[in-house]
Amino acid sequence: MTDVAPPPKRPQDRILVAIDTPDEARAADLSRRLAGAVGGIKLGLEFFNANGPEGVRRVARAAPEETPRGQAPAQQRLFLDLKFHDIPNTVAGAVRGAMQLGPWMLNVHASGGAAMMTAARQAAEFQADSLGVVRPMLIAVTVLTSLDEDDLAVVGQQGPAADQVARLARLAQECGLDGVVCSAREIAAIRAACGPDFRLIVPGIRPAGAETGDQKRTMTPAEALAAGADYLVIGRPITGAADPAEAARAVAAEMTP
Ligand code: C5P
């Protein structure tokens, strides 16, 4: 069973902004401008490989310019989206290392198997105890949504992709992971398989009337929440807006029933 906190009640706290850029100055500016308007930022491989752990640390700590005197600068909740996938010992070490950056959420590939996911969970717990911090949420990626059934067959996986998604989500849960990243159209099946206490982190969200860009199957924020999403990963509709904080507030307003 997961011991993770329930999803937040305030709509803005459910928004995780995908900052997909190798440009540290741009990422820091977005992080600063979005402080307080969203639940956290997601930094992934593109940013990490360009700027390293120190770049991640600097962006997560980017404080609003007007931090009141005497108050600690705001720190963004950080979803470190590095999708670890390796032998259990190596993934355990990667989790321990990543936790030096103070992430609130980390992820691994469920297809790395039960021993790998269990090792990741144990490493996160052990490291949280030794650092005296709250254990980050540990999330699995099931089947990359960029793969269709033909792609999966080529790599030797037969049968409906939806079955593989549900099977891997259940396995992740049994290994003590807290949830999965999933597409909006997978929410219902995973909720049915894993119950209400499993966190579902959902990208491919587009506010009503927004450009879909390269996302093929989108849901609006309200639709995704109604379907059972806990957190919404939203990138370009917020990061590409002239006023990102205002765009985030508009998304949060759309989420309020
Ligand atoms: O800009 P946009 O809102 O499309 O960004 C969505 C974010 O979620 C990106 O960081 C993308 O890599 C990520 N993501 C996704 N679909 C998945 C998994 C992750 O769009 N299935």
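Before going into details, it helps to say that this report is about the structure given with it. Every chain begins its residue count from 1, and numbering advances along the sequence as written. At least 70 in pLDDT is required for a residue's local features to be given in this predicted model, at least 80 for side-chain atom pairs to be given and counted, and no such filter applies to totals for whole chains, interfaces and linings, which use all residues. Side-chain descriptors were evaluated using all non-hydrogen atoms of the structure, hydrogens and water having been removed beforehand.

Let's shift gears to the environment of Ala-224. Helix and strand labels come from DSSP, where a helix needs a run of H or I of at least four residues and a strand needs a run of E of at least two; each type is numbered from the N terminus. In this structure, Ala-224 sits in helix α8 (residues 221-227). With a relative accessible area of 0%, Ala-224 lands in the buried category. Sequence spacing of Ala-224 and Ile-187 is 37 residues, and the spatial spacing of their C-alpha atoms is 8.3 Å. Apart from the residues within four sequence positions on either side, Ala-224 is in contact with Ile-187, Ile-205, Met-219, Ala-229 and Leu-232. Burial status follows relative accessibility: with a 1.4 Å probe on protein chains alone, a residue under 20% of its type maximum counts as buried, one over 50% as exposed, and anything between as partly exposed. Whether two residues are in contact is decided by their heavy atoms: any pair within 4.5 Å suffices.

A few words on the site of the ligand. For this purpose, a residue is taken to be near a molecule or strand whenever a single non-hydrogen atom of the residue falls within 4 Å of it. Close to the ligand lie Ala-18, Asp-20, Lys-42, Thr-145, Pro-203, Arg-206, Gln-215, Val-233, Ile-234, Gly-235, Arg-236 and Pro-237, which account for all nearby residues. One of the side-chain N or O atoms of Lys-42 is found 2.9 Å from an oxygen atom in the ligand. In the analysis that follows, any N or O atom pair within 3.5 Å is treated as a polar contact, provided that within protein one partner can donate a hydrogen and the other can accept it, and provided that, for residues neighboring in sequence, both atoms belong to side chains. Contacts to the ligand include Arg-236, whose side-chain N or O atom sits 2.7 Å from an oxygen atom. We get accessible surface area from the Shrake-Rupley algorithm with a probe of 1.4 Å; when it comes to residues, only the shown protein chains can shield them. When the free accessible area of the ligand is taken as 470 Å², the share hidden by the protein chains comes to 79%.

Two strands make a pair as long as DSSP finds a minimum of two bridges between them. Strands sit in the order β1-β2-β3-β4-β5-β6-β7-β8 around a closed barrel of 8 strands; the barrel is parallel. Neighbour-to-neighbour, the strand axes of the sheet open up by a mean angle of 25°, direction not taken into account. Sheet analysis places strand β4 (residues 105-109) next to strand β5 (residues 137-141), joined by 5 bridges and oriented parallel. When the bridges of β5 are listed, Asn-107 appears paired with Ile-139. Lying over the sheet, helix α3 (residues 88-98) contacts β3 (78-84) and β4, oriented at roughly 160° with respect to β3. Lines are fitted to the C-alpha atoms to define the axes, a helix being fitted only along its stretch in contact, and any angle between axes, read from their N-to-C directions, falls within 0 to 180 degrees.

Quick look at the nonpolar core now. Counting residues in each nonpolar core, the largest one holds 67 residues, and the members touching the most others are Ile-15, Val-95, Met-117 and Ile-190. With 7 residues, helix α4 (residues 114-131) is the single largest residue contributor to this core. Buried Ala, Val, Leu, Ile, Met, Phe, Trp, Tyr and Cys residues that are joined via side-chain atoms within 4.5 Å together make up what is termed a nonpolar core. Val-4, Trp-104, Met-137 and Ile-139 belong to the second largest nonpolar core, which has 12 residues in total.

For the rest of this paragraph, the subject is the pattern of salt bridges. Close approach of charged atoms allows side chains of opposite charge to pair. By definition here, a salt bridge exists when the distance from a side-chain nitrogen of Lys or Arg to a carboxyl oxygen of Asp or Glu is within 4 Å. Counted according to the given criterion, the structure contains 13 salt bridges. Among the salt bridges present, the one from Asp-81 reaches Lys-83, with a minimum N-O distance of 3.0 Å. It is possible to trace a salt-bridge network through shared partners that takes in Lys-42, Asp-81 and Lys-83.

The element strand β2 (residues 40-44) is largely enclosed, with a buried count of 5 among its 5 residues. Taking every second residue as pointing to the same face, both faces of β2 are buried, with Gly-40, Lys-42 and Gly-44 on one and Ile-41 and Leu-43 on the other. Inspection of the sheet shows strand β1 (residues 15-18) paired to β2 by 3 bridges, in the parallel sense. The partner of Ala-18 across the bridge, within β2, is Lys-42. Strand direction decides the pairing type here: β2 and β3, joined by 4 bridges, are parallel. Bridged to Gly-44 within β3 is Asp-81.

Another aspect to go through is the packing of helix α1 (residues 24-34) against helix α10 (residues 244-255). With their axes 8 Å apart at the nearest point, α1 and α10 run at an angle of 50° to one another. As the angle between them shows, α1 and α10 are arranged oblique. Every pair of crossing elements has a handedness; the one defined by α1 and α10 is right-handed. Where α1 abuts α10, its residues Leu-30, Arg-33 and Leu-34 lie against Pro-244, Ala-245 and Ala-248. Each angle is binned into one of four classes, with values under 35 degrees roughly parallel, values over 145 roughly antiparallel, values of 65 to 115 roughly perpendicular, and all other values oblique. By the definition used in this description, the sense in which the near helix is turned from the far one sets the handedness, with an anticlockwise turn below a right angle giving left-handed and a clockwise turn giving right-handed.

It is worth stressing that arrangement in space is one thing and function is another; only the former is reported here.
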